[in-house]
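A look at the structure
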Amino acid sequence: FAMLALSVESILKNDEKLNLQLISSANYYISKHLLYNQFKQPFIGYFKHSISNTHNANLLGCASMTLVFTIFEDKEKLKLLAECAKTSIDEIDETGYIPYKDSKDGMWTDCFHHLYVIASLRMLLELNPYIDKDIYQIKINLLENFYKNTFFREDGLINYYKNNQYPIDPHNYAVTSIY
């Protein structure tokens, strides 16, 4: 999140000096401490020493780093980020469901993390030339249908989990309103 915020702020202010050192430091940290190649499938971990792929964290990391490496025109890093994102893309099933993470305790999803995945994939679709744009668009469509069919309620409220509005969490409503 910090990397994405710093990158966007730098672009909006058109002041590369302002955040270049912070962006470089964040990139270094992510590259050295959060980039994993577990079972020959690269991903960006949620925390240092992550052993499973938390899909929203992986994709948010891929999206923010893609923004940075697009600016720096680093083709090799963009290719690596496309590979990292593919490990999450491959987990989206035909209904549009993607588990929270690749472990027994991560076989669930909630509304706002699902939307983080959609937003990240949209950003990757626009910026990373090394992804399969057709597959990404298909997966985004599946995710959006799952979102509409699972989290929207007839009474206008938003479910947190599938068919369950509890816990009431402002993240759901905030992310939904932005989406």
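Residues numbered from 1 in each chain as written. Predicted model: local features only at pLDDT ≥ 70, side-chain atom pairs only at ≥ 80, totals over all residues. Heavy atoms only, no water.

1. Quick word on the pattern of salt bridges
A complete count under the given rule lists five salt bridges for this structure. A salt bridge links Lys 86 to Asp 90; the shortest N-O distance between them is 2.8 Å. On the accessibility criterion, Lys 86 (45% relative accessible area) is partly exposed. A residue is classified by how much of its surface remains accessible, and Asp 90, at 45% relative accessible area, is partly exposed. We note a salt bridge from Glu 144 to Arg 122, for which the minimum N-O separation is 2.2 Å. Here Arg 122 lies in helix H5 (residues 111-127) and Glu 144 lies in helix H6 (residues 133-151), a separation of 22 residues in the sequence. A residue is classified by how much of its surface remains accessible, and Glu 144, at 11% relative accessible area, is buried. (Salt bridge = Lys/Arg side-chain N within 4 Å of Asp/Glu carboxyl O. Buried < 20%, exposed > 50% of the residue type's maximum accessible area, 1.4 Å probe, protein only. Helix = DSSP H or I, 4+ residues; strand = E, 2+ residues; numbered from the N terminus.)

2. Section: the packing of H5 against helix H7 (residues 170-178)
Relative to each other, H5 and H7 sit at 30°, their axes nearing to 8 Å. When the axis of H5 is compared with that of H7, the two are roughly parallel. The interaxial crossing formed by H5 with H7 has left-handed handedness. Contact residues: Cys 111, Phe 112, Leu 115 and Tyr 116 in H5; His 171, Asn 172, Val 175 and Thr 176 in H7. Here the contact of H5 with H7 is built from residues that sort into five nonpolar, three polar and no charged. (Axes fitted to C-alpha atoms, helices over the stretch in contact; angles between N-to-C directions. Parallel < 35°, antiparallel > 145°, perpendicular 65-115°, else oblique. Left-handed = near helix turned anticlockwise from the far one by under 90°. Contact = heavy atoms within 4.5 Å. Nonpolar A, V, L, I, M, F, W, Y, C, P; charged D, E, K, R; others polar.)

3. Side note on the environment of Asp 74
Topologically, Asp 74 is positioned in the loop between helix H3 (55-71) and helix H4 (75-89). The partly exposed category is assigned to Asp 74, whose relative accessible area is 23%.

4. Overview of the environment of Leu 80
By the element assignment, Leu 80 lies in helix H4. In the structure, Leu 80 is positioned 14 residues away from Thr 66 in sequence and 9.8 Å away in space, judged by C-alpha atoms. Discounting chain neighbours no more than four positions away, the residues touching Leu 80 are Leu 35 and Pro 42.

5. Some remarks on a nonpolar patch on the surface
On the surface, Leu 157, Tyr 166, Ile 168 and Tyr 173 cluster together into a nonpolar patch covering about 380 Å² of accessible area. Relative to the assigned elements, Leu 157 resides in the loop between H6 and H7. (Patch = residues over 30% accessible without salt bridge, like charges linked within 9 Å, V, L, I, M, F, W, Y side chains within 5 Å. Areas by Shrake-Rupley, 256 points an atom, 1.4 Å probe, with all protein chains shown as cover.)

6. Structural notes on empty space enclosed by the protein
Considering all chains together, one arrives at two cavities of 30 Å³ or more under this definition. Computed from the structure, the largest cavity encloses a volume of approximately 60 Å³. In terms of lining residues, the largest cavity is bounded by His 55, Asn 56, Ile 98, Pro 99, Tyr 100, Trp 108, Thr 109, Asp 110, His 113, His 114 and Val 117. Top element by residues in the lining of the largest cavity is H5. It accounts for three residues. When its residues are assigned to classes, the lining of the largest cavity shows five nonpolar, five polar and one charged. (1 Å grid on protein atoms, 1.4 Å probe; cavity = no way out; pocket = protein on both sides within 12 Å on 5 of 7 lines; lining within 4 Å. Points joined across faces, edges and corners; volume = space filled by probe spheres on them.)

7. What about unusual backbone geometry?
Cis peptide bonds are those with omega within 30 degrees of zero, and the linkage from Tyr 166 to Pro 167 qualifies with 0°. Examined against the element boundaries, Pro 167 turns out to sit in the loop between H6 and H7. The residue Glu 73 is not glycine, and still its phi comes out positive at about 55°. Relative to the assigned elements, Glu 73 resides in the loop between H3 and H4. By relative accessible area, which is 66% here, Glu 73 ends up exposed. In this structure, Asn 163 is a non-glycine residue whose phi angle is positive, near 60°. The residue Asn 163 is located in the loop between H6 and H7 in this model.

What is shown is where atoms sit, not what they do.
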